[in-house]
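Per-entry structural report
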Amino acid sequence: MSAARLTIFARWPEAGRAKTRLIPVLGAEGAAALYRRLLEHTLREARASGLPIELRVTGSEPARFHDWLGGDLAVVDQGEGDLGARMARVPAPAILIGSDCPDCDAAMLRRAATALERSPAVVGPASDGGYYLLGIKRPMPFLFHEMEWSTEQVLPETLRRLALQRITPAMLPELGDIDTPADLARHPRFAP
């Protein structure tokens, strides 16, 4: 199996702070419940992948995540800064994911790990213009600095930055994540 660690970025499912774009439809408690289900699903798939797993957490202390998700996990506080700063602190080789792409299953995670053995980077494009997975074989801080996160420009800008470094990433299939009511309609099993 790959030497890359699967790093899952997670937040505590606090009402009003999780899946905020879905609060108008689900309410604060419903959005938090959705996030809780998504993170639990992501962790089941991660464990099934056989890859070493690390949770990078925010919103509560690591001990609460251990109590909720299992003491066998490596749990690290994300630290300060924007998403890019927090992602840049993850040591390579690594496969970075969030928890809002339910179709990124164990098989896809293993596929990413295999691709990273042959390529310096692997990207899983998301249908909203971002990515659901980023794998890096070595540190690539240029991918994280001054990025316009949560925009449709994340994927094209990431690919542009890789090209400037003469890095051709392995590409995974495009998948959708759950950020909007339309996304949730495609994955009704996660609805609260």
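For the structure itself, look to the data block above.
It should be emphasised that the depicted structure is a prediction, and the values quoted were computed from it without experimental measurement.

Quick look at helix α5 (residues 154-164) now. For α5, every residue scored as buried is listed here: Val154, Leu155, Glu157, Thr158, Arg161 and Leu162. Buried positions in α5, seen along its axis, are confined to an arc of 165 degrees and lie on one side of it. In α5, the exposed positions angled more than 90 degrees off the buried face are occupied by Ala163 and Leu164. For α5, the secondary structure elements touched by its buried residues are β5 (121-125) and β6 (131-136). At the C-terminal side of α5, Arg166 shows a positive phi close to 60 degrees.

With that settled, the discussion passes to the layout of surface pockets. Rolled over the atoms, a probe with the dimensions of a water molecule shows which regions are left empty. Here the largest pocket defines a volume of roughly 1100 Å³. Those elements that place two or more of their residues in the lining of the largest pocket are β1 (5-11), α3 (83-88), β4 (94-97) and β6. Per-element accounting of the lining of the largest pocket gives the leading share, 4 residues, to β6. Residues of the lining of the largest pocket, tallied by class, amount to 15 nonpolar, 9 polar and 11 charged.

The next thing to look at is the environment of Ala28. Residue position: Ala28 is located in helix α1 (residues 23-49). Sequence spacing of Ala28 and Ala4 is 24 residues, and the spatial spacing of their C-alpha atoms is 35 Å. Aside from chain neighbours lying at most four places away, what touches Ala28 is Ala15, Gly16 and Ile23.

Moving on to the side chain of Glu54. Within the fold, Glu54 resides in strand β2 (residues 53-58). Judged by relative accessible area, Glu54 falls into the buried class, the value being 8%. Engagement of the side chain of Glu54 in a polar contact is seen with the side chain of Arg56, the distance being 2.9 Å. In this structure, Glu54 is in contact with Arg5, Leu6, Thr7, Ile8, Ala74 and Val76, ignoring residues within four places of it in sequence.

A word on the pattern of salt bridges. In total, this model carries 8 salt bridges according to the counting rule given. Salt-bridge contacts for Glu54 lead to Arg56; the nearest nitrogen and oxygen are separated by 2.9 Å. By the burial criterion, Glu54 is buried, and Arg56 matches it. When salt bridges with common partners are traced through the structure, they connect Lys19, Arg21, Asp100 and Asp179 into a single cluster.

Another point: empty space enclosed by the protein. Going through the model one piece at a time under the given rule, you end up with 1 cavity of 30 Å³ or more. Empty space within the largest cavity amounts to approximately 50 Å³. Forming the boundary of the largest cavity are Thr42, Ile97, Gly98, Ser99, Asp100, Cys101, Cys104 and Tyr132. Residue composition of the lining of the largest cavity, grouped by class: 4 nonpolar, 3 polar and 1 charged.

Scoring rules and cut-offs
Residues numbered from 1 in each chain as written. Predicted model: local features only at pLDDT ≥ 70, side-chain atom pairs only at ≥ 80, totals over all residues. Heavy atoms only, no water. Buried < 20%, exposed > 50% of the residue type's maximum accessible area, 1.4 Å probe, protein only. Helix = DSSP H or I, 4+ residues; strand = E, 2+ residues; numbered from the N terminus. Arc of directions from axis to C-beta. Contact = heavy atoms within 4.5 Å. 1 Å grid on protein atoms, 1.4 Å probe; cavity = no way out; pocket = protein on both sides within 12 Å on 5 of 7 lines; lining within 4 Å. Points joined across faces, edges and corners; volume = space filled by probe spheres on them. Nonpolar A, V, L, I, M, F, W, Y, C, P; charged D, E, K, R; others polar. Polar contact = N/O pair within 3.5 Å; in protein donor to acceptor, adjacent residues only side chain to side chain. Salt bridge = Lys/Arg side-chain N within 4 Å of Asp/Glu carboxyl O.

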